[in-house]
Amino acid sequence: MLRARIISTGSYVPENVVTNTDLEQIVDTSDEWIIERTGIRERRIVDGNQATSDLACEAALKALKNADVKARDIDLIIVATISGDMPFPSTACFLQQKLGAKKAAAFDLNAACSGFLYGLHIANSLIKSGAHKKILLVGAEVLSKFTDWSDRTTCVLFGDGAGAVLLEGTKEKCGIYSTHIYSDGSLSDLISLPGGGSKYPCSKETILKRLHFMKMKGNETFKVAVRTLEELASRTLEENSLDPSQLSLLIPHQANLRIIQATAKRLGLSTEKVFINIEKYGNTSSASIPIAIDEAVQSGKCREGEYILLEAFGGGLTWASALIRW
Ligand code: COA
């Protein structure tokens, strides 16, 4: 059976580190509160000139180099992002130009923090159907430019970064075994960036109301996320007839350490089977899972033949999972 397989990974985070102590200088918060409630110690923030496609390009170049693949061999580029360079053209088209991927079609995908796994679902389907052979899937965000740096309930949470994977077909036992994507638009007001679209186009009023920044009802989101992800992880394993003990690694979206720990506890996974890097980067939305996969690969945690579970939850609401055999 043909399925898609990740043949290489790459990631990039900006050099500029912003610590919790730095944030104590601009909002009423503390290093202790942020670590206790979220697990975040620091995050990376771009300098003024970098846009999302610049981060995406750095991550993609590493993925291409690691697979020894030329950009001209890619036939599709998908960029999962909620902080693209411009409303249009797509960030994927900017990336296509930067890479010189002349044969690739390119489009963006918006499923907020679940974007990378939505992209994996699409990429897997397109490779299985034979429509595409070599797909570059990137999750990239510059959320710092959409963050209200006077709002302590959101500004401590997010960071910038990008992760990329190259996918191609395989008939071996490795690859993507299943992907699962879901949404519930009735809870769209829990996390959003209201301004700048056709509903609230940019005006003096939308700027004064700070509608061009991310808004989140953190506590309500937290409760739905814990409930949804615990259930999703168990169901994904069941659908693959796997017991949690057969899982080698859980790579979750890095939104909150307490949410990650709740899922791990429900599955009975020990700490070493859960990949966590939230302390270094905060929540990088659709970039968080591909950055984590790349770091897991670099540190030897993705071993051939082993089962890896990916899961994410984000604005929309959206949630998604994937079961991979490495
Ligand atoms: N520093 C200090 N105090 C803060 C603070 C900060 N940065 N942010 C909020 N607080 C305060 C609140 O004002 C509140 O004070 P009050 O009790 O006097 O009203 C108190 O801390 C508790 O706030 P609450 O929102 O209930 O905290 P929480 O335990 O839910 O943690 C989040 C807040 C945002 C960390 C947490 O809700 C969360 O991670 N939510 C989900 C994020 C997520 O999964 N998003 C989906 C993917 S993007």
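Our structure's up above, just so we're on the same page.
Anyway, here's the lowdown on the structure attached to this text. Counting starts from 1 at the beginning of each chain's written sequence and moves along it residue by residue. Only residues with pLDDT of at least 70 are given local features in this predicted model, and only at 80 or more are side-chain atom pairs given and counted; all residues enter the totals for whole chains, interfaces and linings. No hydrogens and no water enter the side-chain calculation; it runs on all heavy atoms of the structure.

1. Considering the nonpolar core
So the rule is basically this: In this description, a nonpolar core means a group of buried Ala, Val, Leu, Ile, Met, Phe, Trp, Tyr and Cys residues linked to one another through side-chain atoms lying within 4.5 Å. For the exposure calls, accessible area comes from a 1.4 Å probe over protein chains only, and a residue counts as buried if that area is under 20% of its type's maximum, exposed if over 50%, partly exposed in between. By the criteria applied, helices consist of DSSP H or I runs no shorter than four residues and strands consist of E runs no shorter than two, each listed in order from the N terminus. Domain delimitation in this document rests on an assignment produced automatically or drawn from a domain database. Any two residues having at least one pair of non-hydrogen atoms within 4.5 Å are treated as being in contact.
Ranked by size, the top nonpolar core spans 31 residues in total, and within it Phe116, Leu117, Leu120, Leu167, Ile251 and Leu310 carry the most contacts. Counting residues per element, this core draws most heavily on helix H5 (residues 115-129), which supplies 6 residues. Composition of this core by domain shows at least three residues from each of domain 1 (3-172) and domain 2 (177-325). Apart from residues no more than four positions distant in its own chain, Phe116 is found in contact with Ala80, Leu137, Gly139, Val165, Ser286, Ile289, Pro290 and Ile293. One finds Ile74, Val79, Leu95 and Leu166 within the second-largest nonpolar core, a separate group that totals 26 residues.

2. Things to note about the environment of Ala312
By the secondary structure assignment, Ala312 is in strand S12 (residues 307-314). It is 9.1 Å that separates the C-alpha atoms of Ala312 and Ile251, two residues lying 61 residues apart in sequence. Setting aside chain neighbours within four positions, we find Ala312 in contact with Cys113, Ser114, Leu117, Leu229, Leu232, His253, Ile289, Thr318, Trp319 and Ala320.

3. Structural notes on the site of the ligand
Here is the rule we go by: Neighbouring residues are identified by heavy atoms, a residue being near a molecule or strand if any of them is within 4 Å of it. Nitrogen and oxygen atoms within 3.5 Å of one another constitute a polar contact, given that in protein one can donate a hydrogen and the other can accept it, and given that sequence-neighbouring residues count only through two side-chain atoms. Using a 1.4 Å probe, the Shrake-Rupley method yields the accessible areas, and only the shown protein chains count as cover for residues.
Of all residues adjacent to the ligand, which total 22 residues, the nearest are Thr29, Arg37, Arg152, Asn219 and Asn256. In the environment of the ligand, a nitrogen atom lies 2.7 Å from a nitrogen or oxygen atom belonging to the side chain of Thr29. In this structure, Gly218 approaches the ligand through a main-chain N or O atom, which is 3.0 Å from a nitrogen atom. Protein chains shield 74% of the accessible area of the ligand, which is 960 Å² for the free molecule.

4. Concerning the sheet that holds strand S4 (residues 76-80)
Just so we agree on the cut-off: We treat two strands as partners when DSSP finds at least two bridges between them. Here an axis means a line fitted to C-alpha atoms, over the contact stretch when the element is a helix, while the angle between two N-to-C directions is reported on a 0 to 180 degree scale.
Spatially, S1-S7-S6-S4-S5 is the arrangement adopted by the 5 strands of the open sheet, whose pairing is mixed. Only two strands of the sheet have a single partner each, and these edge strands are strand S1 (3-12) and strand S5 (105-109). Strand-to-strand, the axes of this sheet are offset by a mean angle of 20°, without reference to chain direction. In this structure, S4 lies alongside S5, joined through 5 bridges in parallel fashion. Bridging across to S5, Leu76 finds its partner in Ala105. Running over the sheet, helix H4 (residues 91-99) touches S4, S5 and strand S6 (134-141) and is turned about 130° from S4.

5. A word on the side chain of Ser53
Note on placement: Ser53 falls in helix H3 (residues 52-67). In this structure the side chain of Ser53 is engaged in a polar contact, spanning 2.6 Å, whose partner is the side chain of Asp85.

6. A word on the pairing of strand S13 (residues 318-325)
Of all 8 residues making up S13, 7 are buried, and the element is well covered by its neighbours. The pairing of strand S8 (residues 175-183) with S13 spans 8 bridges and is antiparallel. Note on S13: the bridge partner recorded for Ile181 is Ala320. Bridging between S12 and S13 involves 8 bridges; their strand directions are antiparallel. Counted as the bridge partner of Ile308 is Ile324 from S13. Linking two consecutive strands that pair antiparallel, namely S12 and S13, is a turn of 3 residues; a positive phi of about 145° is found at Gly316 within it.

7. Here's the deal with the pattern of salt bridges
We apply this condition: Salt bridges are counted wherever a side-chain nitrogen of Lys or Arg sits within 4 Å of a carboxyl oxygen of Asp or Glu.
All told, the structure shown has 10 salt bridges when counted by the stated rule. For the salt bridge of Glu168 with Lys134, the shortest nitrogen-to-oxygen distance reads 2.5 Å. Of the two residues, Glu168 is situated in strand S7 (residues 161-170) and Lys134 in strand S6; the sequence distance between them amounts to 34 residues. Looking at Glu168, the relative accessible area reads 23%, which means it is partly exposed.

8. Let's talk about the sheet that holds S8
One open sheet holds the 4 strands; their spatial order is S8-S13-S12-S11, and the pairing between them is mixed. Either end of the sheet is taken by a strand with one partner, and the two such strands are S8 and strand S11 (247-252). Put simply, the sheet's adjacent strands are angled 15° from each other on average, direction ignored. Packed on one face of the sheet, helix H8 (residues 218-239) meets S8, S11, S12 and S13 and runs near 150° to S12.

9. Thoughts on the environment of Gly161
Relative to the assigned elements, Gly161 resides in strand S7. Sequence spacing of Gly161 and Asp47 is 114 residues, and the spatial spacing of their C-alpha atoms is 12 Å. Other than its neighbours up to four places away in sequence, Gly161 contacts Tyr12, Val13, Pro14, Leu55, Gly139, Ala140, Glu141, Thr284, Ala287 and Ile291.

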